[in-house]
Amino acid sequence: MQEKKDIRALSKAAICDFFETQGEKAFRGKQVYEWLWKKNAHSFDEMTNISKKLIVLLKTHFVINHIAVDKIQKSKDGTIKNAVKLYDDLVVESVMIPTPSRTTACISSQVGCSLACEFCATALLKRQRNLTASEIYDQVAAINKESLLYHGHKLSNIVYMGMGEPLLNYANVMESIKMITSEEGLGMSPRRITLSTVGLPKMIKKMADEDVRFNLAVSLHSAIDSIRSKMMPINDVSNLEDLMDALQYWHVKTGNRITFEYVVWKGINDTRKDVDALIKYCKRVPVKVNLIEYNAIDSNDFVQADKEAIAMYINLLEANNVIVNVRRSRGKDIDAACGQLANKEEKV
Ligand code: SAH
């Protein structure tokens, strides 16, 4: 038997066409589409304004490959980590990070990751596959529900900072953002979405050409090629100069300030020379720097730099008019912080 198609891979027009070719009214397609996206139905049986006969018809031709939130871990700081089971039993993680004024969803774009950044736990999992647009969308919808349940307000921000490299799953990530921001989906503002990338110049330029209105963050960690290449092998494929060229292009096209994510490690990038290189790099395009706390993972020797080194970064960046924020880690006790997503619970 032919495998049934995931109905959410179809556009609204294609679902309407399906009904028409079956001799049914095309507008049923619109109703089904609304159930699939806006109401985020898990099954055809939830579609209460669709007749039993049409539900049988849908079930004969299609499936809904909805995610299942399998396990929820709660941190003492209020952060929640969802282990998300996919239709083929693979698992990714997504995180809800609450603050008094807002809730942020940190979502995954791939199962595992192919980039091998030395300091990141996700790099230990081999990349298995890209997530579909609906699997990415469902993570956001699930966290939106949790935010309403636990905090009484909707999700306010989304960061593509979970497992995987979003720009290596370009089409599905773009489609997910389209649906998250569409009135036919979650209707969220693109200004509240940040896509974080290791920095793939070609893909950044391609994205800049698409009239996007969301924010871009780049995991920089060093503005010196030899040092960045040691930690992030991708830097050997495209170096800091290629990256800057793409970032300037992004800025010209979008008018937006870019965020650099940056961890300061002891003995790696904690000297004056490292800060000077960063300042020089930051002067070439409008940016702000987020200094991220290092979250220790089991398999490497990276250690967070001393307070003095971090203070030196802050003072010198500020003295040179570079915007800098220090980002405290959330959800460390449940391995939900940056770079800790590694399906640990699944491996026992
Ligand atoms: N692949 C994308 C999306 C992942 S975002 C990217 O690299 O941007 C995850 C962020 O956490 C990245 O900025 C990454 O550099 C950072 N990170 C990875 N491991 C970390 C760790 N152990 N501690 C703190 N930050 C880490």
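What you see is a predicted model; the values in this text were computed from it and never measured.

So, how was this worked out
- All chains use their own residue numbering, which begins from 1 and follows the written sequence.
- Confidence filtering applies because this is a predicted model: local features only for residues at pLDDT of at least 70, side-chain atom pairs given and counted only at 80 or more, and all residues used for totals across whole chains, interfaces and linings.
- Only heavy atoms go into the side-chain values, all of them from the structure, while hydrogens and water stay out.
- Numbering of helices and strands runs from the N terminus, with a helix taken as a DSSP run of H or I at least four residues long and a strand as a DSSP run of E at least two residues long.
- For the radius of gyration, the atoms used are the C-alpha atoms, and the globule rule reads 2.2 Å times the number of residues raised to 0.38.
- Think of it in three bands: residues with accessible area under 20% of the maximum for their type are buried, residues over 50% are exposed, and the middle band is partly exposed, with areas taken using a 1.4 Å probe on protein chains only.
- The criterion used for residue contact is that any of the two residues' heavy atoms lie within 4.5 Å.
- Using a 1.4 Å probe, the Shrake-Rupley method yields the accessible areas, and only the shown protein chains count as cover for residues.
- A single heavy atom is enough: if one lies within 4 Å of a molecule or strand, its residue is considered near that molecule or strand.
- In the analysis that follows, any N or O atom pair within 3.5 Å is treated as a polar contact, provided that within protein one partner can donate a hydrogen and the other can accept it, and provided that, for residues neighboring in sequence, both atoms belong to side chains.
- All residues other than Ala, Val, Leu, Ile, Met, Phe, Trp, Tyr, Cys, Pro, Asp, Glu, Lys and Arg, Gly among them, are scored as polar; the first ten of these are nonpolar and the last four charged.
- At least two bridges found by DSSP between two strands are what make those strands a pair.
- Stacked, tilted and edge-to-face are the three classes applied to pairs of Phe, Tyr and Trp rings, where Trp contributes its six-membered ring and a pair requires centres within 6.5 Å; stacked means planes under 30 degrees apart, edge-to-face means over 60, and tilted covers the rest.
- Geometrically, a charge over a ring is one whose NZ (Lys) or CZ (Arg) sits within 6 Å of the ring centre while staying within 35 degrees of the ring normal.
- Orientation is described by axes fitted as lines to C-alpha atoms, over the contacting stretch for helices, and by angles from 0 to 180 degrees between their N-to-C directions.
- For classification purposes, angles smaller than 35 degrees are called roughly parallel, those larger than 145 roughly antiparallel, those between 65 and 115 roughly perpendicular, and all remaining angles oblique.
- Helix crossings are classified by the rotation of the near helix relative to the far one: an anticlockwise turn of less than a right angle makes the crossing left-handed, while a clockwise turn makes it right-handed.
- Residues enter a patch when their relative accessible area is above 30% and they make no salt bridge; the linking distance is 9 Å between like charges and 5 Å between nonpolar side chains (Val, Leu, Ile, Met, Phe, Trp, Tyr).
- What makes a salt bridge here is a side-chain nitrogen of Lys or Arg within 4 Å of a carboxyl oxygen of Asp or Glu, nothing more.

Caption draft 1: Seen up close, the overall build of the chain. Tallying secondary structure elements over the chain gives 12 helices and 14 strands in all. For the chain, whose C-alpha radius of gyration is 22 Å, the value lies close to the compact-globule estimate of 20 Å for 348 residues. By principal-axis analysis of the C-alpha atoms, the chain measures approximately 70 × 45 × 40 Å. Per-residue burial over the chain gives 55% buried out of 348 residues. A fraction of 65% describes how many contacts in the chain between residues 6 or more apart in sequence connect residues 24 or more apart. When the accessible surface of the chain is split by element, carbon and sulfur atoms take 51% of a total near 16200 Å².

Caption draft 2: Structural view of the site of the ligand. As a matter of local geometry, the ligand sits amid 19 residues, with F119, S196, S219, H221 and N295 nearest to it. A distance of 3.1 Å is found between a nitrogen atom of the ligand and a backbone nitrogen or oxygen belonging to G164. Interatomic distance of 3.0 Å between a side-chain N/O atom of E261 and an oxygen atom of the ligand. Protein contacts shield 95% of the accessible area of the ligand, which totals 540 Å² for the unbound molecule. Partitioned by chemical class, the residues of the shell around the ligand number eight nonpolar, eight polar and three charged.

Caption draft 3: Structural detail: the pairing of strand β4 (residues 80–85). Of all six residues in β4, five are buried; the element is thus mostly enclosed. Counted along the chain from strand β3 (residues 68–74) to the antiparallel partner β4, the turn is five residues long, and its residue G78 has a positive phi close to 95°. Two elements, β4 and strand β5 (residues 91–98), share six bridges in a ladder whose sense is antiparallel. Residue pairing across strands places K85 opposite V91, the latter belonging to β5. Hairpin connection of β4 to β5: five residues between the antiparallel strands, including D89 at a positive phi of 75°.

Caption draft 4: Summary view of the packing of aromatic side chains. Applying the stated criterion across every chain yields a total of 12 aromatic pairs. For the pair Y262 and Y313, a centre-to-centre distance of 5.3 Å together with 55° between the ring planes defines the contact as tilted. With Y262 in strand β12 (residues 258–262) and Y313 in helix α11 (residues 307–319), the pair connects residues that are 51 residues apart, well separated along the chain. Using a relative accessible area of 0% as the deciding quantity, one classes Y313 as buried. Here the aromatic residues F119, W265, Y294 and F302 are joined through ring pairs into a cluster of three or more. The residue whose ring lies beneath R8 is W37, and the NZ or CZ to ring-centre distance is 5.4 Å. Positioned over the ring face of W35 is K39, at 4.0 Å from the centre of the ring.

Caption draft 5: Just the sheet that holds β5, in detail. Pairing within the open sheet is mixed, and its 10 strands lie in the order β3-β4-β5-β6-β9-β10-β11-β12-β13-β14. Strands at the two margins of the open sheet, each flanked by one partner only, are β3 and β14 (323–327). Each neighbouring strand pair of the sheet contributes to a mean axis angle of 25°, computed without reference to strand direction. Bridge count for β3 against β4 is six bridges, and the pairing is antiparallel. The residue of β4 that forms the bridge with V69 is V84. In the packing of helix α5 (residues 170–181) onto the sheet, contacts are made with β9 (157–160) and β10 (193–197), and the angle to β10 comes to roughly 170°.

Caption draft 6: Expanded view of the packing of helix α1 (residues 12–21) against helix α2 (residues 27–36). Close contact between α1 and α2 brings their axes to 8 Å; oriented N to C, the two are set at 135°. Comparing their axes, α2 and α1 come out oblique. Taken as a pair, α1 and α2 cross one another with a handedness that is right-handed. Residues K12, I15, C16 and F19 of α1 form the contact with α2, whose own contacting residues are R28, G29, K30, V32, Y33 and L36. Residues that form the contact of α1 with α2 fall into these classes: six nonpolar, one polar and three charged.

Caption draft 7: How the structure looks around a nonpolar patch on the surface. Taken together, the side chains of V69, I72, L149 and Y150 present a nonpolar region at the surface, about 360 Å² in accessible area. Those elements that place two or more of their residues in the nonpolar patch are β3 and α4 (133–151). By secondary structure assignment, the location of V69 is in strand β3.

Caption draft 8: Main features of the environment of N215. Mapped onto the secondary structure, N215 falls in strand β11 (residues 215–219). Since its relative accessible area comes to 15%, N215 is described here as buried. N215 has contacts with P190, R191, I193, T194 and L195, leaving out every residue within four places of it along the chain. From its side chain, N215 meets the backbone oxygen of R191 in a polar contact 2.9 Å long.

These figures capture arrangement, not role.
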